[in-house]
Structures are given as structure tokens and as C-alpha cells.
Amino acid sequence: QVQLVESGGGLVQPGGSLRLSCAASGFTFRRYAMSWYRQAPGKERELVAAITSAAGSTNYADSVKGRFTISRDNAKNTVHLQMNSLKPEDTAVYYCNARLTPVMDYWGKGTLVTVSS
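Residues numbered from 1 in each chain as written. Predicted model: local features only at pLDDT ≥ 70, side-chain atom pairs only at ≥ 80, totals over all residues. Heavy atoms only, no water.

**Q** Help me understand the overall build of the chain, please; the structure alone is not making it clear to me.
**A** Along the backbone of the chain there are zero helices and 11 strands. Tracing the chain from N to C terminus, the helices and strands come up as β-β-β-β-β-β-β-β-β-β-β. For the chain, the C-alpha radius of gyration of 13 Å lies close to 13 Å, the compact-globule estimate for 117 residues. Overall size of the chain, expressed as C-alpha extent along the three principal axes, is 40 × 25 × 25 Å. Taken over 117 residues, the chain has a buried fraction of 40%. Considering only intrachain contacts with a sequence separation of at least 6, the fraction spanning at least 24 residues in the chain is 52%. (Helix = DSSP H or I, 4+ residues; strand = E, 2+ residues; numbered from the N terminus. Rg over C-alpha atoms; globule rule 2.2 N^0.38 Å. Buried < 20%, exposed > 50% of the residue type's maximum accessible area, 1.4 Å probe, protein only. Contact = heavy atoms within 4.5 Å.)

Here it is as C-alpha cells:
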């Protein structure tokens, strides 16, 4: 079955960096676009970044453009989110997403990122 396992979250000071990883299994990873979402306390889940199957194109939320970078390694079935210049408002649970069809959406359990001094 499809599994998405996030890692790399933690506590970081404002201005710091973290690198999130998502290990995917149970589907042909290289064929599908992958995304990172986040959900802050009391807020709706929002798209942070997305990358096409061959990594030819990426898309970012305006709030993270220039600070976050999404990448993927199709040989290792992993997708990463490099987060730099972190701000307190980046505090959230970050989720890996694979949309295999318009009605088949898979999520990991999430990894918590806390940006605080």
C-alpha cells in the first residue's frame, strides 16, 4: 500500500534552517508529482510547494518563495523540502502528499516544525 513517511522536523530558531524528507513506497514514485503541505494551529492545511514527476517544474506558496526549495530523488523515492530563513509563522505540521489520481490522495502523518527563540 502507499506509504509516505516524513522526517526532519524539530525546533529551530528564527532565521535557521531545516531539511524535511519524505520517503515514499507502494507506488511508482517517478511517475507522480509530489507536494508538501502544512497546517498551523487553528488554520487550514495549505500547499507549500510542489514538484513535477521529472522535477522539471516546481511551484511555491508566495509566503515561502525564495526561502524554501523542493527537490526529489527518483532513484531513492524521496522528496525533500529545504527550508531556510525560517520565521515563527512557518511553525506548523508539514505533510507530504502524493495525488495519484484526482480522487486518490495520500498523506503522510506529518512532521512538526516549530520556529521559536
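**Q** Explanation requested: the state of the cysteines in the structure shown.
**A** Here a disulfide denotes a covalent bond joining the sulfur atom of one cysteine to the sulfur atom of another. For the structure shown, the criterion picks out one disulfide. Each sulfur in the disulfide pair C22 and C96 lies 2.1 Å from the other. As the torsion about the S-S bond is roughly -80 degrees, the C22-C96 disulfide counts as left-handed. Here the residue C22 occupies a position in strand β3 (residues 18–25), and C96 occupies one in strand β9 (residues 92–101), the gap between them amounting to 74 residues. (Disulfide = S-S within 2.5 Å.)

**Q** What is the right way to look at unusual backbone geometry in this model?
**A** Keep in mind that most residues, glycine aside, have a negative phi and that most peptide bonds are trans. One non-glycine residue, N77, lies in the positive phi region at around 55 degrees. Looking at the element boundaries, N77 is found in the loop between β7 (68–73) and β8 (78–83). N77 gets classed as partly exposed once you look at its relative accessible area, which sits at 24%. Although it is not a glycine, S85 sits at a positive phi angle of roughly 50 degrees. S85 sits in the partly exposed class, given a relative accessible area of 42%.

**Q** When you look at the pattern of salt bridges in this model, what are you seeing that I'm missing?
**A** Pairing between side chains becomes possible if they bear opposite charge and their charged atoms approach one another. Summed over the entire model, instances satisfying the criterion amount to five salt bridges. For the salt bridge of D90 with R38, the shortest nitrogen-to-oxygen distance reads 2.9 Å. Placement of D90 in the loop between β8 and β9 and of R38 in strand β4 (residues 34–39) is noted, with a sequence separation of 52 residues between them. What makes D90 buried here is its relative accessible area of 1%. Look at R38 and you get buried, because its relative accessible area is 6%. Via salt bridges that share partners, R38, E46, R67 and D90 belong to a single interconnected network. (Salt bridge = Lys/Arg side-chain N within 4 Å of Asp/Glu carboxyl O.)

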